[in-house]
Amino acid sequence: VKILDCYVEFAKDWQRDYNMNEIGIDGRVTNKDVQEISQRLATEFNAEFTKVLEKKGYPVVDTVGPDVLLLRPALVNVEITAPDLMTPGMSTEFVRSAGSMTLYMELYDSATSEIIGRVVDPEQDLGMGPEMANRVTNQAAADRIISRWASLLADHLADVDETTKKKKW
């Protein structure tokens, strides 16, 4: 499997809507914050996907070629309930959900560039009740969702492998 860099796009007007609910300017999300969060989420996506796929027996490689599945992932409609912007102060936020995002991913045969499939799967963090929100808890929630997506892909790849083996007999 080769994973291209993950594209990240927040939900339409998420930044504006979030900032409208903030009192003062300290807790507002800036364009720079959006960019940094997007970069962290994209990096985390690739790291988590790689970890899960390799654990399930699908090596992640840097080159294309025969028998290499190419993934073009995108996280769209990203909404973070309480982004931790590391602003000074002693405020603590509690949330029921860290947020939501949708995976849009295209799968290609890397040798021929032929598209094999597309995945669209919206997911929301389903917290256990009011939980403290910070960078660590937000990342853990994102990791749970991303790990689930990677596990589903690995399970489907295993089904394809098994079907292919049966056809050879």
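Residues numbered from 1 in each chain as written. Predicted model: local features only at pLDDT ≥ 70, side-chain atom pairs only at ≥ 80, totals over all residues. Heavy atoms only, no water.

Quick word on unusual backbone geometry
Heads up, the rule is: Numbered from the N terminus, helices here are DSSP runs of H or I no shorter than four residues, and strands are runs of E no shorter than two. Classification of residues uses two cut-offs on accessible area relative to the type maximum, computed with a 1.4 Å probe and protein chains only: under 20% is buried, over 50% is exposed, and between them is partly exposed.
Even without glycine at this site, D13 takes up a positive phi of about 65°. The backbone of N77 shows a phi angle near 55°, a positive value even though the residue is not glycine. Mapped onto the secondary structure, N77 falls in strand 3 (residues 69–80). N77 sits in the partly exposed class, given a relative accessible area of 42%.

Some details on the pairing of strand 6 (residues 114–124)
We count it as follows: Whether two strands pair comes down to DSSP finding at least two bridges between them.
Relative to strand 6, strand 5 (residues 99–109) runs antiparallel, the two sharing 10 bridges. The residue of strand 6 that forms the bridge with Y108 is I115. Once strand 5 ends, the chain turns through four residues before running back antiparallel as strand 6, passing S113 with a positive phi of about 65°.

Notes on the pattern of salt bridges
Stated formally: Should a side-chain nitrogen of Lys or Arg be within 4 Å of a carboxyl oxygen of Asp or Glu, the pair is scored as a salt bridge.
On inspection of all chains with the given rule, the structure shows nine salt bridges. Its salt-bridge partner being R16, residue D17 comes within 2.8 Å of it at the nearest N-O pair. The exposure class assigned to D17 is partly exposed, which follows from its relative accessible area of 34%. When its relative accessible area of 46% is taken as the criterion, R16 is described as partly exposed. Note that E106 and R118 form a salt bridge whose closest N and O atoms lie 3.3 Å from each other.

Side note on helix 2 (residues 31–55)
Short version of the rule: The length a helix should cover is 1.5 Å for every residue beyond the first.
Between its first and last C-alpha, helix 2 extends 36 Å over 25 residues, near the 36 Å set by a 1.5 Å rise per residue. Positioned one or two residues after helix 2, G57 has a phi angle of 95°, which is positive.

Re the pairing of strand 5
Across the 11 residues of strand 5, eight count as buried, placing the element largely inside the fold. Relative to strand 5, strand 3 is paired through 10 bridges, and the arrangement is antiparallel. Counterpart to L69 in the pairing with strand 5 is D109.

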